[in-house]
Amino acid sequence: KTHPSEIPAPSIGTQHAWCAGFQVLTHFSLGVRHKMMSYLASKVTSATSNGAVGTHDEDFIEAVVCQDTDIGENQMKQVELGEGKVLLVRQNGKLSAIGNKCSHYGAMLVTGALGEGRVRCPWHGACFNVETGDIEDFPGMDSVPCYRVTVGEAGEVKVRAKRTELATNKRTRVMAKRAAQDERTYVIIGGGPSGATCVETLRQEGFTGRVVMINKEPCLPYDRVKVSKTMDMNLEKCLLRTQQFYDDNDIEVMLGIAVTKLDGAARELTLDNGYKIKYDKAYIATGSNPRRPPIEGADLGNVCVLRTAADAKQVNDQLAPEKNVVILGTSFIGLEAAAYCVNKVAKVTVIGRGAVPLKESFGDAIGKRVMELFKEKGVQFVMNSGIRKCIGADGRVKQVELTDGTLLDADICIFGIGSTLYTEFLQDSGISLNRNGSINTDQYLETNLEGVYVGGDIANAPVHSNDGQQATIGHYPLAQYHGRVAALNMIGKATPLKAVPFFWTVLFGKSFRYCGYGQPDEVIVDGDLEALKFVAFYIGKGGRVIGMSSCQRDPVVAQFAEYSSQGKVLHKEDLSPNPFGWLPA
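Where an unreviewed UniProt entry is consulted, the chain appears under the name Rieske domain-containing protein, with the organism given as Anopheles epiroticus. Here the chain is described in UniProt, under the heading Cofactor (unreviewed entry), as follows: "FAD". Word for word, the UniProt comment on the chain under Sequence similarities (unreviewed entry) is "Belongs to the FAD-dependent oxidoreductase family."

Shown next, in the form of C-alpha cells:
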C-alpha cells in the first residue's frame, strides 16, 4: 500500500526485479505469500542504501488538514500541512492531494481553473493532473507532487507528504535509461522549449533507444521568454535543465551545431561539423530567425534583434543613462524591450507601422490604452512610420532616418518586427514546405514524411479550439505542448493534438493574458480599460467567441482555456445578459 509519492525514481531494472518478485508470490500459499509480501514491502519502504527506494519516517509529515465536509464536489481547497501547503481536489467523489503551486512560476493553483481531471494555472495556463500531479499542458518542465490522502471514520482528512516535496512543490517524473540492446535512434533537431520537452517526454514514457538533441545555440535549453522581458537574465539560472540532468538520463546534447541537410529517403542528417547521423525517427522544432529589414545600415554593430540570450546580453551591455534607444516594431518583443529599457536610458522611441500597437492581438481599444500606459512611463511613439536607413559612424549606428525623412538620434537600434521560420535546410529533404517556410502536420504532428514530426513555430498544425483548423503559431507554451505530443506519437502512444493557444505578456507590472486564435469581427470589452482591469471577448464569424484576453481579472482566461479544451464553444449570445454565465458556479 505504499503511495506512489513515497517511492522516489527506482531504476527500470529495480522495477523489473520488484515485479518479478511479486509475480513469484502467486505460486505460494496465502500464509507464505503474506510473509513474503511483508518482507518485500519492507525492502521497498526502507532500503535507502542505493537511493533507489523508500525513505525514513522523519522525512514525511502526516496530519489532519480538514474535515471531509469542508470540500464539496468539483471544488479545490488549499490546506496547511506542517510548514507547507497542499491542494485538495474532489472530483467524481474522489479526494486527491497535489502540490499547491504551479511548477512554472509558482502561481497558487487554488486560484486557477478546475477542469475535468486537471487544474490549470491562472497565470500562464499550465495544467496538472489532479490525481497524479503530472504536467499535461505548459509552460514549465516539472510536475507537481502527489500526496497520499485518507479520510477517517469521523470524517477527518489526513494527508501524508514528503517534506522535501512540500518545500519544492516540484516533481520530476521517473525516466527510463538507454538499453544497449535497443538500437533505435531518435533525433530532436532544435534545443528550444519544444525540443527540450520532447527528449524528456521520450524518457518519461519509457523509450530506451538513443536520444540525441541538436541545438545550434551554444547553450542548453533555457527559458526564452525572459530574453525581451529581463535582458539582464542570468543564463545559468534560466536553464530548463542542467547538463548533469541530461547525462543522468542518457540524453545526448550537441551544442553550437546546426543540421544542414535532412535526407528523408536515407533517414540521415548532415551536420555543419561534417558529422552524419542515421535516425529512425526525428522531431524538428528549429523555431524562427528574427527578421532584419533590408535597409542600409541594418548590419551595424549596435543594431540588434532579440531572439536569444546572447542577443539580450548584447543589448543590456550597451544600456547607459546617456543612450538613446530606437525600437522598430510594436510587437510584444518590441514593447517588452521598450518597457525594460526606458528607465535605464535617456530616451526610448518606438516606431510603428500602424496607428495602434498590439491591435492585431488585443484590438484597437486595448492597443490604444497600452500605448497610453507606455507614454505615461516615458516611452515615445512614432506611428504610421518606419525606418528607411540606419546611419552610422565607426561601424556603429548614430541615427536612424524615418520614412518621412525625420532623423532620430540612436545609440542602440532594436528590430522587433517578427521573424522568419528556420526551415531552409529542409529543402530537398522530402518534407513539403509551405511558402512561408512552415510545415503542414496531421493531428499527431507527423509530416508527409513518415517518421518525421515537427512542432513549435514551424508547425502548421491543427488547433483544437479552432475546429481543428491548421495554423502556424509561435507561442512558448504551445511549443512545449507540441514537444510532448510528438514524443508520445513517436513511441507509438497515439495522441491527437488538443491545442488551445495561450500566451501572456507583462508590461510595466501589468499582466495581459490571451487565449484563442483567429481574426475577430468584433471585440467586446467588459470592465474598466482606464484602470486596466478588464476582460475582452473576441467574436468571429457566426458570433463564435474565438478568443479572450484580460488584465487584472484572473483566472477568467485560464477558465476559458479549460472550457475550450473540453470542446465547448461560446457564442456572442451566451455573453448576455451575464458575460460570465458560462463559468462554473
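From this point on, the discussion continues.
Engineer: Just checking my understanding: could you explain the sheet that holds strand β20 (residues 324-328) for this structure?
Structural biologist: By way of backbone hydrogen bonds, the strands of a sheet pair with one another, either parallel or antiparallel. Strand order in this open sheet of 5 strands is β19-β26-β20-β21-β22, and the pairing throughout is parallel. Pairing within the sheet leaves two strands with one partner each, and these edge strands are β19 (303-305) and β22 (380-382). This sheet shows a mean twist of 25 degrees between the axes of neighbouring strands, independent of strand direction. Across 3 bridges, β19 lies against strand β26 (residues 412-415) in parallel orientation.

Engineer: Just checking my understanding: could you explain the domain arrangement of the chain for this structure?
Structural biologist: It is common to give the size of an interface as the accessible area lost on bringing the parts into contact. For the chain, the assigned domains read domain 1 (60-168), domain 2 (185-289 + 421-491), domain 3 (303-417) and domain 4 (509-575). Contacts between the two partners involve 14 residues from domain 2, matched on the other side by 13 residues from domain 3. Between domain 2 and domain 3 lies a buried interface of about 1,100 Å² when both sides are counted; carbon and sulfur atoms form 61% of it. It is Val227, Ser228 and Met231 in domain 2 that bury the most area against domain 3; as a group they hold 52% of the surface buried on that side. Taken together, the links from domain 2 to domain 3 amount to 2 salt bridges. Close ionic contact of Lys229 with Glu336 constitutes a salt bridge, the shortest N to O distance being 3.1 Å. Linking domain 2 to domain 3 there are 6 residue pairs in polar contact (both at pLDDT 80 or more). When residues of the side of domain 2 that touches domain 3 are assigned to their parent elements, the largest contribution, 3 residues, is made by helix α5 (residues 226-229).

Engineer: Got a minute to help me understand helix α12 (residues 476-490) in this structure?
Structural biologist: Along an α-helix, residues three or four apart share an orientation, since each turn contains 3.6 residues. End to end, α12 covers 21 Å across 15 residues, agreeing with the expected 21 Å (1.5 Å per residue, within 8%). Of all 15 residues in α12, 15 are buried; the element is thus mostly enclosed. Looking at the residues trailing α12, positive phi occurs at Gly492, about 95 degrees.

Conventions and cut-offs
- Residues numbered from 1 in each chain as written.
- Predicted model: local features only at pLDDT ≥ 70, side-chain atom pairs only at ≥ 80, totals over all residues.
- Heavy atoms only, no water.
- UniProt positions renumbered as here; feature names shortened; annotations may be inferred.
- Pairing = 2+ DSSP bridges.
- Helix = DSSP H or I, 4+ residues; strand = E, 2+ residues; numbered from the N terminus.
- Axes fitted to C-alpha atoms, helices over the stretch in contact; angles between N-to-C directions.
- Domains from an automatic or database assignment.
- Contact = heavy atoms within 4.5 Å.
- Buried area = accessible area lost by both parts, 1.4 Å probe.
- Salt bridge = Lys/Arg side-chain N within 4 Å of Asp/Glu carboxyl O.
- Polar contact = N/O pair within 3.5 Å; in protein donor to acceptor, adjacent residues only side chain to side chain.
- Expected span 1.5 Å × (residues − 1).
- Buried < 20%, exposed > 50% of the residue type's maximum accessible area, 1.4 Å probe, protein only.

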